[in-house]
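Next come the chains, spelled out residue by residue.
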Amino acid sequence: MEKISIIGAGSWGSALARILGDNHHQVLLYDTNESTVNEINNFHTNLAKLPIGELPFEVRATTSIKDAIDFTDIIILCVPTKVLRSVLHLINENITSPKLFINTSKGLEPDTYLRVSEVVYAIINHQFIKGFVALTGPTHAEEVIRQLPTTICSVSTNKEDAKFVQQIFNNSTYFRVYTGSDLIGSELCSAIKNVYAIASGMLEGCGYGDNARAGLISRALVEMKRLVVAMGGKEDTIYGLTGIGDLVVTTTSHYSRNFQAGVKLAKGSNLAETIASMSMVVEGARTVEAVYDVSKKLNLSTPIIDAVYSVIYKQQGVKEVVAELMNRALKDE
Ligand SMILES: NC(=O)c1ccc[n+]([C@@H]2O[C@H](COP(=O)([O-])OP(=O)(O)OC[C@H]3O[C@@H](n4cnc5c(N)ncnc54)[C@H](O)[C@@H]3O)[C@@H](O)[C@H]2O)c1
């Protein structure tokens, strides 16, 4: 059995702790929120983030980054990408031995547009990076905490690292883990799909139906393929768990905060009001800026991303951008 630290005790960090605890690993969750840490240690719950479900006794929590780092040589990153850089600097100041980094955050770094693996290698002293794995796929914390059947992919350029993470997380009752090797493609898909979740929520907020959503998902897949391939990922990844799998779950589920944000935007809230009204992270709102810029630089056609960008950053109405999408020049599929 392994000792494992999770950085970020939000919904996903807590759900991951549940799986690892169920698999009889010892888990230490690190978070800056003292009341969350106390609740986990005293009551084995995190009710603000996950109203249903308890954490196993193997799971403890701390506000000390040093304790979290010294506890283990396996570190799972599970914080919003906007705080990732500062968290990694803190880890780098305290790290004294090599660690396997497992990332579960979904997004590109705001401002630099780097993938999470790139940010990790930019900040952590390389002698302390034993390996890097992205654990990503169609997963909502709210279902994992209830032990509902879920699939995910452990992705690394190092096959042994991917297999190791597969072994520690796989649970034959409710959490099936595959392995993959396209780190670039998987990291990009897991970030970009959040933009389409916002788009899907916008359609819902306008009262549009299943036809519109199915059309969105199909055309989003085409855009994702253009972006991922142009940025160095593999086309096959689009058709796997980290691609279409994550795209479908996030564009069709009311658990998705990005979807919920899209509904609010369609109903007239601006971005600041939307983010302020939500208790959890909305990664897609930041990612759209990055992906929009990259798409323009690479001269790609990504009309759905452009539309979401226009609603969020150019204050265009949702119905107006949908009308524009419907009136684009006719073309082959
Ligand atoms: N929720 C899900 O179902 C899910 C599934 C897969 C991946 N993810 C990804 O996981 C990441 C985290 O999402 P979440 O849903 O857990 O978010 P969340 O908002 O529920 O929790 C974020 C947690 O990070 C903590 N935090 C913030 N700043 C911190 C800092 N500087 N140091 C330490 N902790 C800090 C907060 O206190 C909070 O507990 C996101 O990138 C998200 O896309 C979420």
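Residues numbered from 1 in each chain as written. Predicted model: local features only at pLDDT ≥ 70, side-chain atom pairs only at ≥ 80, totals over all residues. Heavy atoms only, no water.

1. Describing the pattern of salt bridges
Under the counting rule described, the total for this entry stands at 11 salt bridges. Here D246 makes a salt bridge to K106, at a shortest N to O gap of 2.9 Å. Of the two residues, D246 is situated in helix 11 (residues 241-252) and K106 in the loop between strand 5 (99-103) and helix 5 (116-123); the sequence distance between them amounts to 140 residues. Of the two residues, D246 and K106, both sit in the buried class. For D246, the salt bridge identified is with K193, shortest N-O distance 3.7 Å. One end of the pair, D246, is in helix 11; the other, K193, is in helix 8 (residues 183-205), and 53 residues separate them in sequence. In this structure, D246 and K193 share a single accessibility class: buried. Ionic contacts of the salt-bridge type, sharing partners, join the residues K106, K193 and D246 into one network. (Salt bridge = Lys/Arg side-chain N within 4 Å of Asp/Glu carboxyl O. Helix = DSSP H or I, 4+ residues; strand = E, 2+ residues; numbered from the N terminus. Buried < 20%, exposed > 50% of the residue type's maximum accessible area, 1.4 Å probe, protein only.)

2. Considering the side chain of R115
Mapped onto the elements of the fold, R115 is located in the loop between strand 5 and helix 5. Classification of R115 as buried rests on a relative accessible area of 12%. Look past the residues within four positions of R115 in its chain and what remains in contact with it is L108, I184, E187 and L188. (Contact = heavy atoms within 4.5 Å.)

3. Notes on the site of the ligand
In the vicinity of the ligand, 24 residues are found, and the nearest of them are S11, W12, D31, A141 and E283. S11 places a side-chain nitrogen or oxygen 2.9 Å from an oxygen atom of the ligand. Within the backbone of W12, a nitrogen or oxygen atom sits 2.9 Å from an oxygen atom of the ligand. Relative to its free-state accessible area of 840 Å², the ligand is covered by the protein chains to the extent of 87%. Counting residues per element, the ones that place at least two in the shell around the ligand are helix 1 (11-22) and helix 4 (81-94). A breakdown of the residues in the shell around the ligand according to their chemical character gives 11 nonpolar, 8 polar and 5 charged. (Near = heavy atom within 4 Å. Polar contact = N/O pair within 3.5 Å; in protein donor to acceptor, adjacent residues only side chain to side chain. Areas by Shrake-Rupley, 256 points an atom, 1.4 Å probe, with all protein chains shown as cover. Nonpolar A, V, L, I, M, F, W, Y, C, P; charged D, E, K, R; others polar.)

4. Examining helix 5
Those residues of helix 5 that fall on the buried side of the exposure criterion are V116, S117, V119, V120 and I123. In a view along the axis of helix 5, the buried residues occupy a sector of 160°, so they form one face of it. Residues of helix 5 that are buried in the fold lie against strand 4 (74-77), helix 4, strand 5, strand 6 (129-136) and helix 8. (Arc of directions from axis to C-beta.)

5. Considering unusual backbone geometry
In this structure, H24 takes a positive phi of about 70° despite not being glycine. Turning to its location among the elements, H24 is positioned in the loop between helix 1 and strand 2 (26-30). One non-glycine residue, D111, adopts positive backbone phi at about 80°. Residue classification places D111 among the exposed positions, given a relative accessible area of 74%.

6. Considerations on the domain arrangement of the protein chain
Under the domain assignment, the protein chain is made up of domain 1 (3-181) and domain 2 (184-326). Distance between the C-alpha centres of domain 1 and domain 2: 25 Å. With both sides pooled, the region where domain 1 packs onto domain 2 buries about 2,400 Å², and carbon together with sulfur makes up 61% of that total. At the junction of domain 1 and domain 2, the tally comes to 2 salt bridges. (Domains from an automatic or database assignment. Buried area = accessible area lost by both parts, 1.4 Å probe.)

7. Regarding the environment of F259
Within the fold, F259 resides in helix 12 (residues 257-266). If we ignore the near neighbours within four places in the chain, the residues touching F259 are A197, I198, S200, G201, E204, R213, T250, T251, S253 and H254.

8. A closer look at the environment of K159
By secondary structure assignment, the location of K159 is in helix 7 (residues 159-169). Residue class for K159 comes out partly exposed when judged on its relative accessible area of 48%. As a C-alpha pair, K159 and S181 span 22 residues in sequence and 7.1 Å in three-dimensional space. Polar contacts involving the side chain of K159 include one to the side chain of T179, which spans 3.3 Å.

9. Some thoughts on helix 8
With 23 residues, helix 8 should reach 33 Å at 1.5 Å per residue; the first-to-last C-alpha distance of 34 Å fits that figure. When you tally the buried positions in helix 8, you get 21 out of 23 residues, the bulk of the element. Positive backbone phi, approximately 80°, marks G207, located one or two places after helix 8. (Expected span 1.5 Å × (residues − 1).)

10. Let's talk about the sheet that holds strand 7 (residues 150-155)
Strand pairing in a sheet relies on backbone hydrogen bonds, with the paired strands running either antiparallel or parallel. Taken together, the 8 strands give an open sheet; going across it, the order is 3-2-1-4-5-6-7-8, and neighbouring strands pair in mixed fashion. In this open sheet, the two strands that pair with only one neighbour each are strand 3 (59-62) and strand 8 (175-180). Across the sheet, the axes of successive neighbouring strands diverge by a mean angle of 25°, strand direction being ignored. Pairing of strand 1 (residues 3-7) with strand 2 involves 5 bridges; the strand directions are parallel. (Pairing = 2+ DSSP bridges. Axes fitted to C-alpha atoms, helices over the stretch in contact; angles between N-to-C directions.)

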